[in-house]
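Here is how the chains run, residue by residue.
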Amino acid sequence: PLDYAQPNGKQIRLTVSRVPATHKDPRNSKRRVPRQGALVYNPGGPGASGMYFPLIGVLPEWKGLAAAYDLVGYAPRGVGRSAPLSCTDPKQYFKAPTQAPTHPSESYKKERIAQAKAYARGCARRAGATLRHYTSLNNARDLDVLRAALGEQRLTFMGASYGTYFGALYATLFPSHVRRMVFDAPVNPDPAKIWYRNNLDQSAAFESRWTDLREWIARHDKEYGLGATAEEVLRSYEKAAARLAVEPAGGKVGPGQLQGAFLSTGYYDDFWPHRAQALSAYLKGDPKPLIQQAGPHQEAAKEAENANAVYTAVECNDAPWPTDWKVWDRDNTRLARVAPFETWDNVWTNLPCAYWPAARQEPLDVRTGPGELPATLILAAERDAATPYDGALKLHRRLSG
């Protein structure tokens, strides 16, 4: 159902991918592994698709799980072919080159406020009355429909990042329907944090990760020549940003694209050498690696626009947001003094929520009582930038047992 308050009303279709259990023991070819059911995965977002997940079963580390479980991925509502959501023309989605001031001027702020208002209006115009139904609670309810469609009495689920949040909502709503759950990189589920304050915490955590990266580059100064200290590496980065502001690389990589490319290093350590090499080459006169890594790829515009539309709709619908720009300006100006790297970029991503045209929900308080929920596994990294470690401790306290 589009709207679970009207279960017999308008229906939507979710796209699902599945690879059946192989029954093959990777350590003993003669042994047949009994099937344990379906393992459903969500990679997060909001707005990410899990459709490719079942292919992971070919990797050596996953063959044991692929033997016992049907590996199931899906596109949540709004994503891909699952009642797709769009807020703007994908052809107009990638604006490049762009600026990325860490201390934006008042005129720049006014420009971004106007863009946020226009984006929110675009979501309302394109989605109409369906817009308010893209929520985390509905994602959790959809997961139970998927469980039933798979013929599973109880759900085995693994969620990463945002997938942990509506996985936790599922555990709260349907504890007796849970068989096993893995929460990988948990979101802080405290209703007071959803989503405005979680984004402030995220910006602070990205600053720590940005420092980690710069210290790592400094330790490899012989390879990259970007500076022997984190401060010297920062000066090299700022030098590149200033140069790109005057003359974008390849006509499409400005400071905004540079910042976006380095933001991804907060998620993946294996990006570190690639980004450092590209920055080093650019400052030595070769812009090609930076253009390749940071430039917008127009062929991915439709998917990127869709993912951003779902991200925005779910986060804006899920909870109340400050509607007074002065609150955003005060909180983020204060934060940017100590965490300038991602703070304002995070503001511009989420600012449509200040002007959102659909009704907001009150977040569900994630909690389970003793004996309600089977034991779940929570995985968290202390230096996680996107989902700070404290969120895992909060989730652990809320899921009894």
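Note: the structure precedes this text.
Residues numbered from 1 in each chain as written. Predicted model: local features only at pLDDT ≥ 70, side-chain atom pairs only at ≥ 80, totals over all residues. Heavy atoms only, no water.

1. With respect to the packing of helix 7 (residues 230–246) against helix 8 (residues 255–263)
Right, so step 1: Where helix 7 contacts helix 8, the two axes come as close as 8 Å, and the packing angle between them is 145°. Taken together, the residues of helix 8 that come into contact with helix 7 (itself represented by Tyr237, Ala240, Ala241, Leu244 and Ala245) are Pro255, Leu258, Gln259 and Phe262.
Right, so step 2: Across the contact of helix 7 with helix 8, the residue classes break down as eight nonpolar, one polar and no charged. (Axes fitted to C-alpha atoms, helices over the stretch in contact; angles between N-to-C directions. Helix = DSSP H or I, 4+ residues; strand = E, 2+ residues; numbered from the N terminus. Contact = heavy atoms within 4.5 Å. Nonpolar A, V, L, I, M, F, W, Y, C, P; charged D, E, K, R; others polar.)

2. Overview of the sheet that holds strand 1 (residues 15–19)
Right, so step 1: Spatial strand order, 1-3-2-4-5-6: six strands in an open sheet with mixed pairing. A single partner strand is all that each edge strand has here, and the edge strands are strand 1 and strand 6 (377–379). Recorded for the sheet is a direction-independent mean angle of 20° between the axes of neighbouring strands.
Right, so step 2: Bridging between strand 2 (residues 37–42) and strand 4 (residues 155–160) involves four bridges; their strand directions are parallel. Across the sheet, Tyr41 pairs through a bridge with Met158, a residue of strand 4.
Right, so step 3: With respect to the sheet, helix 3 (residues 136–149) is in contact with strand 1, strand 2, strand 3 (69–75) and strand 4, its orientation differing from that of strand 4 by roughly 140°. (Pairing = 2+ DSSP bridges.)

3. Some details on unusual backbone geometry
Right, so step 1: Put simply, Gly45 and Pro46 share a cis peptide bond, and its omega is -5°.
Right, so step 2: A cis amide bond, omega -15°, links Ile194 with the succeeding residue Trp195.
Right, so step 3: Assignment of secondary structure puts Trp195 in the loop between strand 5 (178–184) and helix 5 (196–219).
Right, so step 4: A positive phi angle is found at Ser161, which is not glycine, with a value near 55°.
Right, so step 5: Summarising the element assignment, Ser161 is placed in the loop between strand 4 and helix 4 (162–173).

4. Focus: the pairing of strand 3
Right, so step 1: Within strand 3, seven of the seven residues are buried, leaving the element largely enclosed by the surrounding structure.
Right, so step 2: Residues Tyr69, Leu71, Gly73 and Ala75 line one face of strand 3 and the alternating positions Asp70, Val72 and Tyr74 line the opposite face, and both faces are buried.
Right, so step 3: Of the pairings in the sheet, the one linking strand 1 to strand 3 comprises five bridges and is antiparallel in character. The residue of strand 3 that forms the bridge with Arg18 is Val72.
Right, so step 4: Relative to strand 3, strand 2 runs parallel, the two being bridged by five bridges. Bridge assignment links Gly37 to a residue of strand 3, and that residue is Tyr69. (Buried < 20%, exposed > 50% of the residue type's maximum accessible area, 1.4 Å probe, protein only.)

5. Some points on the state of the cysteines
Simply put, disulfide is the name for a covalent bond between the sulfur atoms of two cysteines.
Right, so step 1: Evaluation of the coordinates by the stated rule reveals two disulfides.
Right, so step 2: With its sulfur 2.0 Å from that of its partner, Cys87 forms a disulfide with Cys123. Torsion about the S-S bond of the Cys87 and Cys123 cystine: about 110°, corresponding to right-handed handedness. Linking Cys87 in the loop between strand 3 and helix 2 (106–127) with Cys123 in helix 2, this pair joins segments that are 36 residues apart in sequence. We note that Cys87, like Cys123, is buried.
Right, so step 3: What pairs with Cys316 in a disulfide is Cys353, and their sulfur atoms sit 2.0 Å apart. Taking the torsion about the sulfur-sulfur bond, which here is approximately -85°, the covalent link between Cys316 and Cys353 counts as left-handed. Of this pair, Cys316 sits in helix 11 (residues 301–318) while Cys353 sits in the loop between helix 13 (343–350) and strand 6, placing them 37 residues apart in sequence. In this structure, Cys316 and Cys353 share a single accessibility class: buried.
Right, so step 4: By sequence-ordered numbering of the bonded cysteines, the protein chain has its disulfides arranged as 1-2, 3-4. (Disulfide = S-S within 2.5 Å.)

6. As for the packing of aromatic side chains
How two aromatic rings sit relative to each other is given by the distance of their centres and the angle of their planes.
Right, so step 1: Enumeration according to the criterion identifies 26 aromatic pairs in this entry.
Right, so step 2: Where Tyr108 meets Trp348, the ring centres are 6.0 Å apart and the plane angle is 75°; that geometry is what we call edge-to-face. Of this pair, Tyr108 sits in helix 2 while Trp348 sits in helix 13, placing them 240 residues apart in sequence. In terms of burial, Tyr108 and Trp348 fall into one category: buried.
Right, so step 3: Members of the aromatic cluster, connected to one another through ring pairs, are Phe157, Tyr162, Tyr165, Phe166 and Trp195.
Right, so step 4: In this structure, Lys117 packs its charged tip against the face of Tyr355, placed 5.2 Å from the ring centre. (Phe/Tyr/Trp six-rings, centres within 6.5 Å; stacked < 30°, edge-to-face > 60°. Lys NZ or Arg CZ within 6 Å of the ring centre and 35° of its normal.)

7. Quick look at the environment of Arg209
Right, so step 1: For Arg209, the location among the structural elements is in helix 5.
Right, so step 2: Residue contacts for Arg209: discarding those within four places in its chain leaves Gly266, Asp269, Trp272, Arg383 and Ala385.
Right, so step 3: Within the structure, Arg209 has its side chain in polar contact with the side chain of Asp269 (distance 2.6 Å). (Polar contact = N/O pair within 3.5 Å; in protein donor to acceptor, adjacent residues only side chain to side chain.)

Read these as spatial facts, not as claims about activity.
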